[in-house]
Amino acid sequence: MPADRLSALDTAFLCIDRPTAPMHMGAVGVFAPPRPYGRRDAAGLAELLAERAGRSPRLRQRLRPGGLLLPDRWEPDPRFDAAAHVSTHHVEPDTPDPLASHASRWFETPLDPRTPLWNIRIVTGLPGGRFATLFKIHHALCDGTGAAELALGLLDAPGAAPRRAARHSRRDAVTLDDMWRDARRLVNDAAETAGIAAALLRAVRPLPGSPTVTAQSARRQVGFVRLDADDLRRIRRAHGGTTHDVVLAVLAGALREWLRGRDTDATRPLRALVPVSIRRRRGDLAGGNALSGYLCDLPVDVDDPVGRLRAVTDAMNRHKQAGPWRGAGALPVLAERLPSAVHRLATRTVAHAAPALFDTVITTVPLPGLPLSLNGAPLCEAYPVVPLAPHQSVGFAVSTYRGGVHVGLNTAGDAMHQAGGLADAVTKSMAALAQLCP
């Protein structure tokens, strides 16, 4: 597929996008400069970020719609001005929770489809003289791994190695072995696709059934929670599981408290869509989306925190043994194999049935372990933000960076006013597990 053509999955994200369901991802980086940063410093940072963003070919591209039959494409924006995508804002010192309040308003604003689909906002005036960068980029342009690489490329010390171009064979002749290999791959893909479709049909639940369903709303409320990575490691050593398993168990405990606080049924598990990157597995080093996923049951009905962790670990082990190309969670793989025209005709409608498959999204964004900085100011916190599917009220994105586990919450609809309570529940759930360690 040509590098400038959107894949079917990229097109699907474009089709879902609406003011009440914007499909842009986000990231919030908090920096601790040696002295307090003000408005003049923000202007200098904006120039620096615009200059660095202008070097990225990916960030210079805009969408060229192809209509119903022709594919959508990315093309260089002939009037590209990186400075137009970078803005500044200074919060007042008496604003309650200034970063989350401003980030919520900024993230709920859709991107302009006539220009390259990304924006940056620099926020100064934060407590302790810190400043923050807010970054949003459309899911059609890249997945979470790609977004992290683009964002890291704007910092002083990018944490990801430069991507190498995919190697292609230069042979002109096509052998019988090549034809047989391609035919066998087509048969295998068809069998996989049929298996995913059948699993999806079996996984569909009757509507209305999800306790996280909410009315469509363009409003968003984000929240940020920093957990101690040392606590997470102690939990792993004491009770087993992977780092990801512990995070899922902590969020399951938080959702349990959140549901009970809403007087909502917490007697059955919630179902989370857990995205999985398949970029390395399939050897694709280009941009765009390379995703699968697992539909993992979150045991919000289990009272014991350790019992929740063991249930999550067992469920994720089963998913990993099956692999990312099987099961209902592999719906991104199925979306990738459908023609783009099908997405233009049906995906927008089908997306409204997302609560029939899953109640929330929990994604993990990889970050490097080395120290990062912007204009010499060290990065001390890094919170990703995941978009919400139609009628979804809450989503979680997690990154681990230099001693901290950073959880970004995104809420909509009737969950917006309880974002603070949900953030507190995440902290309490982590503490409850840590207290049960020897």
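Higher on the page you've got the structure.
Residues numbered from 1 in each chain as written. Predicted model: local features only at pLDDT ≥ 70, side-chain atom pairs only at ≥ 80, totals over all residues. Heavy atoms only, no water.

A closer look at the sheet that holds strand β13 (residues 394–401)
Thinking step 1. Strand order in the open sheet formed by 6 strands is β7-β14-β13-β10-β8-β9, with mixed pairing between adjacent strands. Of all the strands in the sheet, the pair left with one neighbour each is β7 (220–228) and β9 (291–298). For this sheet the average axis-to-axis angle between neighbouring strands, irrespective of direction, equals 20 degrees.
Thinking step 2. Sheet topology places strand β10 (residues 360–364) next to β13; 4 bridges connect them, and they run parallel. (Pairing = 2+ DSSP bridges. Helix = DSSP H or I, 4+ residues; strand = E, 2+ residues; numbered from the N terminus. Axes fitted to C-alpha atoms, helices over the stretch in contact; angles between N-to-C directions.)

Topic: the side chain of Gln392
Thinking step 1. Tracing the sequence through the fold places Gln392 in the loop between β12 (377–385) and β13.
Thinking step 2. Residue class for Gln392 comes out buried when judged on its relative accessible area of 4%.
Thinking step 3. Here Phe358 takes part through its backbone oxygen, which lies 3.0 Å from a polar atom of the side chain of Gln392.
Thinking step 4. Apart from residues lying up to four places away in sequence, Gln392 is in contact with Thr212, Thr214, Ala354, Pro355, Phe358, Asp359, Thr360 and Ala412. (Buried < 20%, exposed > 50% of the residue type's maximum accessible area, 1.4 Å probe, protein only. Polar contact = N/O pair within 3.5 Å; in protein donor to acceptor, adjacent residues only side chain to side chain. Contact = heavy atoms within 4.5 Å.)

Focus on a nonpolar patch on the surface
Thinking step 1. A grouping of Leu68, Leu69 and Leu345 is seen on the molecular surface, where their side chains present a nonpolar patch of about 370 Å² in accessible area.
Thinking step 2. Within the fold, Leu345 resides in helix α11 (residues 340–351).
Thinking step 3. A residue is classified by how much of its surface remains accessible, and Leu345, at 64% relative accessible area, is exposed. (Patch = residues over 30% accessible without salt bridge, like charges linked within 9 Å, V, L, I, M, F, W, Y side chains within 5 Å. Areas by Shrake-Rupley, 256 points an atom, 1.4 Å probe, with all protein chains shown as cover. Salt bridge = Lys/Arg side-chain N within 4 Å of Asp/Glu carboxyl O.)

Considerations on the pattern of salt bridges
Thinking step 1. Scanning all chains against the criterion turns up 19 salt bridges.
Thinking step 2. Between Arg52 and Asp156 there is a salt bridge; the shortest N-O distance is 3.0 Å. Of this pair, Arg52 sits in helix α2 (residues 39–53) while Asp156 sits in the loop between α4 (144–152) and α5 (176–203), and the two are 104 residues apart along the sequence.
Thinking step 3. Among the residues examined, Arg52 registers a relative accessible area of 17% and is labelled buried.
Thinking step 4. A salt bridge links Arg205 to Asp359, with the shortest nitrogen-to-oxygen separation between them at 3.1 Å.

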